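Chain by chain, the residues run as shown.
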Amino acid sequence: MTLTLGKSATATRGGALSLEWRADGSLWAMWGEEERAVSVRRCFPWTEPARHLSLRDTDEEEFAFVRDPADLDQRSRAALERALAVAGFVFEVTQVLEIEEEVEIRRWRVETQQGPRTFQTRLDDWPRTLPHGGLLIRDLAGDLYHLVAPERLDRESRELLWAFVD
Amino acid sequence: MSTQQQLDDHIIERYTAQPTRLPAELRRQIEHAWQGAPVQLYALADLDQSLRLTVAWLALGPRHIAVAQRESTGWHVRSVERSRIEAIREAPGLSANTLTILGASGEPALALLRYTHRQRRAFENIRFVLEEQIQGHERELVDGDADRLYAESVARPIRDAQALVSGRQTAVIRRLLGYLKPYRRQLTLGMAAATVITLVSLVPPYLAGHLIDRVVRPAQAGTLSLVQAAKVAWLAVAAMALVYLVRQPAVHVRLRLMSIIGEWVARDLRSELYEHIQRLSLAFFSRKRTGSLITRVSADTDRLWDFLAFGVVDVSLSLVMLAGLGTVLLTLDWRLGLVMTLPVPVFCWLIYRHSEEITRLFIRAWRKWSRVTDVLSDTIPGIRVVKAFNQEQREIERFGERNEDVTAEFNRIHASWTRFWPLLMLGVHMMTVAVWVFAVPRLLGSGAQLPVGTFVSFLLYTTMFGAPIEVIGQMARTINRATTSAHRVFEVLDTEPEIRDVAEPVRLEPVHGRVTFEHVTFGYDGVRQVLRGVSFDVTPGELIGLVGPSGGGKTTIVNLIARFYDVSGGTIRIDGVDLRRLDTGHYRRQIGMVLQDPYLFHGTVLENIRYGSQEAPLNQVVAAAQAANAHDFITKLQHGYDTVVGERGHTLSGGERQRVSIARAILHDPRILILDEATSSVDTETEREIQQALERLVAGRTVFAIAHRLSTLRKASRLFVIEDGRLIEHGTHAELLAKPEGQYRHLYELQLQLQ
Ligand SMILES: Nc1ncnc2c1ncn2[C@@H]1O[C@H](COP(=O)(O)OP(=O)(O)O)[C@@H](O)[C@H]1O
Ligand SMILES: [Mg+2]
């Protein structure tokens, strides 16, 4: 038995899905008769970030599902790219400067592509290893820090990170 | 400024590298642009449009919002009138959130801000106020609260993880030592004994040297008569014996006293902690993990015992020992003395370095170890799923892999210390060799003269360096571990209960059961209101059914009636008296609660039923159980009412536990009874039995009953429909059903369809 997905961008509801950015600063999805301001949610942010995207309206309901952006027209794809950049944004760590343990929390000082940053994690919260390699750290407030390739960082960063990578 | 806010400011400064306040000059500039209207809330937008870190602010006033961006010349402030705002959108992302404030549809956004999760609570506060405004409910904000709310929203996650900001280690140690004060006498005695041990152990090597130089050699050379020599020699032997006779009792006194004092202090801490924990408000418990509170009372106080009983003495005496050894050696012979003492700090430093290295290894091993325990805590409770999907082999392999992994890490640790200690001992032995190297020529007569006895004393003293060096080297770690535990303990002790009685509380004897809500607003944190102005008046003896969608605020209402939290705005009156003026303990004794997931303590059924009323005679216990429809199944248990239940005892079904807890409430005979989804998790037959029990229970008291199945509440005198923090409908079952567009009617019809 094979399972097929119900909705896909080009299947039901007739007509093609198209996307655009409007002056109100939001991404709008137009599909058949309907149009709504939507935000993008990746279904597999780490396993397959480029595909399987859920477009959700302001009530957090799925308005459309994009299995592959390649199915969209050129303009919609560009609009989607822009929305994905914001939705998928995480800090990209380029250098680890300090990792210190304190009572109950671990304090990190890092350099990121977005600028210098300090954050904290619980002592028993460990960085997560991602499917395609790389490391993901979640701080106490919920912000995410991504290390694409810990093994390619400078020597000092690697030393500091040693206890946290396999 | 409150201490809470000082702590929050301190956390922001220490941990986030962002401003603790809206800059004063910017605030003035904004308020100037608003003709003097105050900034009531603000938030930091820390990402710019291209998602780089930046500093921009969103401020909210009574009639405006303002967005401030830094420019080369100062702040660029753009104000928008709040009346123009028609919609507001928040798009959450993995780490970047976007808040869009919109005017009339189709127009460009009035403001668009991006920020990380760290700032999200502060934005939530502003968004809440604006959304209320859009829905037509004006929210009055207190002026002068902006700084506190901003600081709290940013610092909160860190404060919840670790309330006491670690800083001055010495202050913590001093506070800890303060617990020794009541035992000053024993402590002095123990310390004195320890000092005696240390000093006395310096004597034997000295005696040995003295005997050789002053007795044996003169006697052999014939300069001392044999009789004389024998007399002195025997005296020395006697002195030796005396040394050990003094030393061993001192060892006994020291070990005994210090371990006992340590136990006493640990006991004091444990009871102080437990007592304090019992007093703390519910809010504290929802912030902390149960496990972490349990380890504070058990493991942390135990570790402090270890530190006080042995750590403190060991460290201070090792210092005394090293100082004593150094002095003795340098006075005996300063040249050899220097050879022995100079390397000591180097050794201490090496040990310190090594323990740092081991710590690093331990973090890694700990991480791998948690991967092993993860598999266990996953698959043992989930064993049915594992078997159903035939995944045993895969789980065995997964565990095996991680087990291998962690073993490799532990072996790495072993490799490290087994390499280090022999090397260090080699160093210590080299010190002895160095003594030989410097001493031999002098013994043979070249250079400064060296008596053989002094040389022998030196050799004996060399063996005494090892132990204190090790203690000093480990000192940093010992102190670190103790301060960590002390921090965790003091953090709890320093938390103030949020619910406190007024100076002269009112006691209602008895409570009649009139409950009045006057414009009650309440939020668990920040500005977001869970109750948005609820008013009602319930007369004694009424049965009130609270219904509505989940998340509406029903449980919150009953939590407030039980005074688990205090209201943020408005007043709750019991028999006309403000709830906050009542004696909380006395008042709570007159309320009863039956919750959805009733909690039975480890103990017999009897003890559980009697939990709130220990004095109740047995016939009343039986009567209560009968009224709760529990008597029947209890008597069927092997030990009847004496059957042990709870986590490790006989497990009762959900419905049975529910009925035991109802019996508990009946026996308690409360004036106000709260039933929070008491029948939601049981089957229909059990529900019917519980239903009957409840009908007996509600007679003659004020009852608030929350239920999912609306049929349960048909007997209610009035029904309150709670939705989104508001009381939207009230009346009897029939009255509410008669409303054609009513929410209750809608819910009721939905449930009928499901049946
Ligand atoms: N301890 C808490 N801390 C923070 N928010 C809470 C807490 N308890 C409940 N809430 C929130 O308060 C709102 C009302 O919850 P509750 O009173 O439990 O609703 P109900 O009982 O009607 O289902 C929900 O949005 C819930 O998320
Ligand atoms: Mg509830």
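Everything below is about the structure printed above this text.
Residues numbered from 1 in each chain as written. Chains lettered and ligands numbered in written order. Predicted model: local features only at pLDDT ≥ 70, side-chain atom pairs only at ≥ 80, totals over all residues. Heavy atoms only, no water.

### Examining the packing of helix α10 (residues 290-332) of chain B against helix α16 (residues 466-494) of chain B
All names here are of chain B.
Here is step 1 of the chain: Between α10 and α16, the shortest axis-to-axis distance is 8 Å and the interhelical angle comes to 150°. Between α10 and α16, the interaxial angle falls into the category roughly antiparallel. Once α10 is placed against α16, the crossing between them reads as left-handed.
Here is step 2 of the chain: Grouping the amino acids of the contact of α10 with α16 by side-chain chemistry returns 17 nonpolar, six polar and seven charged. (Axes fitted to C-alpha atoms, helices over the stretch in contact; angles between N-to-C directions. Helix = DSSP H or I, 4+ residues; strand = E, 2+ residues; numbered from the N terminus. Parallel < 35°, antiparallel > 145°, perpendicular 65-115°, else oblique. Left-handed = near helix turned anticlockwise from the far one by under 90°. Nonpolar A, V, L, I, M, F, W, Y, C, P; charged D, E, K, R; others polar.)

### Concerning the site of ligand 1
Residues and elements named next belong to chain B.
Here is step 1 of the chain: The local shell around ligand 1 consists of Tyr524, Arg528, Val530, Ser550, Gly551, Gly552, Gly553, Lys554, Thr555 and Thr556.
Here is step 2 of the chain: One nitrogen or oxygen atom from the main chain of Gly552 is found 3.3 Å from an oxygen atom belonging to ligand 1.
Here is step 3 of the chain: At a separation of 2.8 Å, an oxygen atom of ligand 1 approaches a polar backbone atom of Lys554.
Here is step 4 of the chain: In the complex, 65% of the free accessible area of ligand 1, which totals 550 Å², lies under the protein chains.
Here is step 5 of the chain: Here the residues of the shell around ligand 1 sort into two nonpolar, six polar and two charged. (Near = heavy atom within 4 Å. Polar contact = N/O pair within 3.5 Å; in protein donor to acceptor, adjacent residues only side chain to side chain. Areas by Shrake-Rupley, 256 points an atom, 1.4 Å probe, with all protein chains shown as cover.)

### Things to note about the pairing of strand β5 (residues 62-66) of chain A
Residues and elements named next belong to chain A.
Here is step 1 of the chain: With four of five residues buried, β5 lies mostly within the body of the structure.
Here is step 2 of the chain: Bridging between strand β4 (residues 53-56) and β5 involves four bridges; their strand directions are antiparallel. Looking across to β5, one finds that Ser54 is bridged to Phe65.
Here is step 3 of the chain: Connecting β4 to the next strand, β5, in antiparallel fashion are five residues, including Glu60 with a positive phi near 70°. (Buried < 20%, exposed > 50% of the residue type's maximum accessible area, 1.4 Å probe, protein only. Pairing = 2+ DSSP bridges.)

### A few points about the sheet that holds strand β19 (residues 726-731) of chain B
All names here are of chain B.
Here is step 1 of the chain: Here we have six strands laid out as an open sheet, ordered β13-β16-β17-β10-β18-β19, and mixed in their pairing. Both outer strands of the open sheet, β13 (591-595) and β19, are each paired with one neighbouring strand and no more. Pairwise comparison of adjacent strand axes, ignoring direction, gives a mean angle of 15° for this sheet.
Here is step 2 of the chain: Relative to strand β17 (residues 702-706), strand β10 (residues 543-547) is paired through four bridges, and the arrangement is parallel. Across the sheet, Leu543 pairs through a bridge with Val703, a residue of β17.
Here is step 3 of the chain: Packed on one face of the sheet, helix α22 (residues 654-668) meets β13 and β16 (672-676) and runs near 175° to β13. (Contact = heavy atoms within 4.5 Å.)

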